[in-house]
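A look at the structure
Here is how the chains run, residue by residue.
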Amino acid sequence: MTALLALAYSVSRPRFWIYTGGTYVLGYALGMASWTAFFLPTYALYLLYFFFPANVFIYGVNDRWDRETDRLNQKKREKEHYLVDAERQDLRTVLLLVAGFSLLLLVSQTPEEKLVFLLFLFLSYFYSAPPLRFKEVPVLDFSSNMLYIMPGVFGYLLASGTFPPLLLVAAGFLHIAAMHLFSAVPDIECDRAAGITTTAVLVGERASLLLCLLFWSGFALLVIGLAGFSPLALPVLLFPAVPLLLLLSRRMRIGRVYWYLPLVNTALGGLAFTAVTLSKAI
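Focus: the overall build of the chain
- On a plain count of helices and strands, the chain comes out with 17 helices and 0 strands.
- Scaling as 2.2 N^0.38, a compact globule of 282 residues should have a C-alpha radius of gyration of about 19 Å, and the chain matches this with 19 Å.
- Taking all 282 residues of the chain together, 49% fall into the buried category.
- When contacts within the chain are restricted to residue pairs at least 6 apart in sequence, long-range pairs at least 24 apart make up 73% of them.
- The averaged location of the 17 negative side-chain charges in the chain is 5 Å from the averaged location of its 21 positive side-chain charges.

Now the structure itself:
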């Protein structure tokens, strides 16, 4: 069991936990009527789920089906867990356990919560797994990354009993679309060599960065507008600034900048969470 837990932790890519766990927390904070909602047991249960098991599922399935591109991708050996053949059976066991736990959670969910939760599982699985394997279909690759918004939608629904405003979901979609494209650029060569045609492979690095600039600019404008043009929302402009600087600079390299994005997301997400929670405490 210790070995299985260690493998689960390794494949879950802890530096990226914030993309599901943080989204859930922020969505929950936006939907709650009072900060005391943080003391509800259901909040704690899904906090645990979206930080650890959810990421084991997303990246475990990804590692299961990405053997060819991972074999050619240097970052898998330097920055992430590289799955060897001897670990494949253990990974299958881990994924079955997480899937079983996920299905158990469905029992106590409302119909609306079930819909969002099942959509999260569907997108998480078929982003990487055949026969759909969205990651190999241009446009669908970054669109299917809506899976990272689902924890936020679920958190909002759990806290409020209603779905979040459409503009809020649209802002989230623009952000994850840009995030996916940005993260796919360093993988262009190894994906092309493995025969995988992502949007980044199809259009190339500069066009991908231009799309990131477009998506993140739309995201920033929506966030600033939804925040009532509060100065606290202005740091969101850091996101479109990143691809803009990469397009203008000959010295900056996306392969290095990419690894700082989790820190930027954590910092700005923490700022948004603090502002929202304080507004519910007044």
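Focus: a nonpolar patch on the surface
- Taken together, the side chains of Leu 119, Phe 122 and Leu 132 make up a nonpolar region of the molecular surface, amounting to roughly 240 Å² of accessible area.
- Relative to the helices and strands, Leu 119 is located in helix H8 (residues 111-126).

A short note on the packing of helix H4 (residues 53-65) against helix H7 (residues 88-105)
- It is at 10 Å that the axes of H4 and H7 come closest, and there the two elements cross at 140°. Our classification of the angle between H4 and H7 gives oblique. Every pair of crossing elements has a handedness; the one defined by H4 and H7 is left-handed. Residues Pro 53, Val 56, Phe 57, Gly 60, Val 61, Asp 63 and Arg 64 of H4 pack against Arg 88, Leu 91, Val 94, Leu 95, Val 98 and Phe 101 of H7.
- For the contact of H4 with H7, the residue count by class is 9 nonpolar, 1 polar and 3 charged.

So, the packing of aromatic side chains
- Overall, the coordinates contain 31 aromatic pairs when judged by the stated rule.
- Ring centres of Tyr 24 and Tyr 28 lie 6.0 Å apart, and the angle between their planes is 45°; on these two criteria the pair is classed as tilted. Taken together, the residues span about one helical turn, with Tyr 24 and Tyr 28 both in helix H2 (residues 18-31) at a distance of 4 residues. Judged on exposure class, the residue Tyr 24 and its partner Tyr 28 are both buried.
- Through pairs of rings, three or more aromatic residues link up here, namely Tyr 24, Tyr 28, Phe 38, Tyr 43, Tyr 46, Tyr 49, Phe 50, Phe 101, Phe 117, Phe 120, Phe 154 and Phe 273.
- Stacked on the ring of Trp 65, the Lys or Arg Arg 64 has its end atom at 4.1 Å from the ring centre.

Quick word on helix H15 (residues 238-248)
- Within the span of H15, buried status applies to Phe 239, Pro 240, Val 242, Pro 243, Leu 246 and Leu 247. For H15, the angular spread of buried residues about the axis comes to 150°, placing them on one side.
- Tucked inside the fold, the buried residues of H15 contact helix H11 (166-184), helix H14 (205-226), helix H16 (254-257) and helix H17 (261-281).

Considerations on the side chain of Thr 198
- Considering the arrangement of structural elements, one finds Thr 198 in the loop between helix H12 (188-193) and helix H13 (199-203).
- A distance of 3.1 Å separates the side chain of Thr 198 from the backbone nitrogen of Val 201, its partner in a polar contact.
- If near-sequence neighbours (up to four positions away) are discounted, Thr 198 is found in contact with Lys 135, Pro 138, Asp 141 and Asp 191.

As for the pattern of salt bridges
- Counted by the stated rule, this structure contains 3 salt bridges.
- For Glu 136, the salt bridge goes to Arg 133, with nearest N and O atoms at 2.6 Å.
- Take Glu 136: its relative accessible area is 33%, and that puts it in the partly exposed class.

Remarks on the nonpolar core
- Counting 84 residues, the largest nonpolar core has Tyr 24, Phe 50, Phe 117, Phe 120, Phe 182 and Trp 216 as the members making the most contacts within it.
- Counting residues per element, this core draws most heavily on H11, which supplies 10 residues.
- Those residues in contact with Phe 117, other than ones at most four positions away along the chain, are Tyr 46, Tyr 49, Phe 50, Ser 102, Leu 105, Leu 106, Gln 109 and Phe 154.

Each value, and the rule that gives it
- Residues numbered from 1 in each chain as written.
- Predicted model: local features only at pLDDT ≥ 70, side-chain atom pairs only at ≥ 80, totals over all residues.
- Heavy atoms only, no water.
- Helix = DSSP H or I, 4+ residues; strand = E, 2+ residues; numbered from the N terminus.
- Rg over C-alpha atoms; globule rule 2.2 N^0.38 Å.
- Buried < 20%, exposed > 50% of the residue type's maximum accessible area, 1.4 Å probe, protein only.
- Contact = heavy atoms within 4.5 Å.
- Lys, Arg positive; Asp, Glu negative; His and termini not counted.
- Charge placed at Lys NZ, Arg CZ, Asp CG, Glu CD.
- Patch = residues over 30% accessible without salt bridge, like charges linked within 9 Å, V, L, I, M, F, W, Y side chains within 5 Å.
- Areas by Shrake-Rupley, 256 points an atom, 1.4 Å probe, with all protein chains shown as cover.
- Salt bridge = Lys/Arg side-chain N within 4 Å of Asp/Glu carboxyl O.
- Axes fitted to C-alpha atoms, helices over the stretch in contact; angles between N-to-C directions.
- Parallel < 35°, antiparallel > 145°, perpendicular 65-115°, else oblique.
- Left-handed = near helix turned anticlockwise from the far one by under 90°.
- Nonpolar A, V, L, I, M, F, W, Y, C, P; charged D, E, K, R; others polar.
- Phe/Tyr/Trp six-rings, centres within 6.5 Å; stacked < 30°, edge-to-face > 60°.
- Lys NZ or Arg CZ within 6 Å of the ring centre and 35° of its normal.
- Arc of directions from axis to C-beta.
- Polar contact = N/O pair within 3.5 Å; in protein donor to acceptor, adjacent residues only side chain to side chain.
- Core = buried A, V, L, I, M, F, W, Y, C linked by side-chain atoms within 4.5 Å.

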